[in-house]
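An overview of the molecular structure
For reference, the chains in residue letters:
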Amino acid sequence: MDELSHETATKLQILRSLLSSLPHSIPDGRDYYGFEGFTPSRAAVDDYGEEGALNHAMEIAFCPRGCQKDVIVFKEQGPGLVAIVSTLEKYLTRFPMSAILLKWVDDLTEAA
């Protein structure tokens, strides 16, 4: 199994820290982001592949109508949102050169 590069591991650590300390103006909740124990559906994997299925789930969660001007606005904070870091870590270990997943890390970090 592949391992995360030092750079990617550091970026994920920073993202986890940022998502864990979002401003109090963003409400706590579990309605929008359910990435705890994320597993894509078999249909999504069949349609998009594993990497694509995660990308699709993230597009639905973070950009349901397309990101306006490439800006992600968090609707809530909490464990379901922070869990995206563990999910990205799992998939980037499998797909360490995934440009789309690495871009999600950068985009989420910028949004946080």
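On a predicted model such as this, the values are computed, not experimentally measured, just so you know.

1. Structural notes on the side chain of Asn55
With respect to the element layout, Asn55 can be found in helix H2 (residues 42-62). Side-chain polar atoms of Asn55 contact the side chain of Trp104, separated by 2.6 Å. Those residues in contact with Asn55 that sit more than four places away from it in its chain are Ile100 and Trp104.

2. Quick word on the pattern of salt bridges
Opposite charge on two side chains lets them pair, provided their charged atoms get close. Overall, the coordinates contain six salt bridges when judged by the stated rule. Arg94 is the salt-bridge partner of Glu50, the closest N and O atoms lying 2.4 Å from each other. With Glu50 in helix H2 and Arg94 in helix H3 (residues 79-94), this pair connects stretches of sequence that are 44 residues apart. Residues Lys103 and Asp107 are paired through a salt bridge, measuring 2.9 Å at the closest nitrogen-oxygen approach. Within this pair, Lys103 and its partner Asp107 are both found in helix H4 (residues 99-111), separated by four residues, close to a single helical turn. Judged by relative accessible area, Asp107 falls into the partly exposed class, the value being 24%.

3. With respect to H3
Helix length check: H3, at 16 residues, gives a terminal C-alpha distance of 23 Å against a target of 22 Å (1.5 Å per residue), a fit within 8%. Those residues of H3 that sit buried are Gly80, Leu81, Val82, Ala83, Ile84, Val85, Thr87, Leu88, Tyr91, Leu92 and Thr93.

4. As for the confidence of the model for the protein
Any region with low pLDDT has predicted coordinates that should not be read closely. The share of residues in the protein with pLDDT of 70 or more is 94%, and the mean pLDDT across the chain is 93. The spread of mean pLDDT over the elements of the protein runs between H2, the lowest at 95, and helix H1 (residues 6-20), the highest at 98.

About the cut-offs
- Residues numbered from 1 in each chain as written.
- Predicted model: local features only at pLDDT ≥ 70, side-chain atom pairs only at ≥ 80, totals over all residues.
- Heavy atoms only, no water.
- Helix = DSSP H or I, 4+ residues; strand = E, 2+ residues; numbered from the N terminus.
- Polar contact = N/O pair within 3.5 Å; in protein donor to acceptor, adjacent residues only side chain to side chain.
- Contact = heavy atoms within 4.5 Å.
- Salt bridge = Lys/Arg side-chain N within 4 Å of Asp/Glu carboxyl O.
- Buried < 20%, exposed > 50% of the residue type's maximum accessible area, 1.4 Å probe, protein only.
- Expected span 1.5 Å × (residues − 1).
- pLDDT = per-residue confidence, 0-100.

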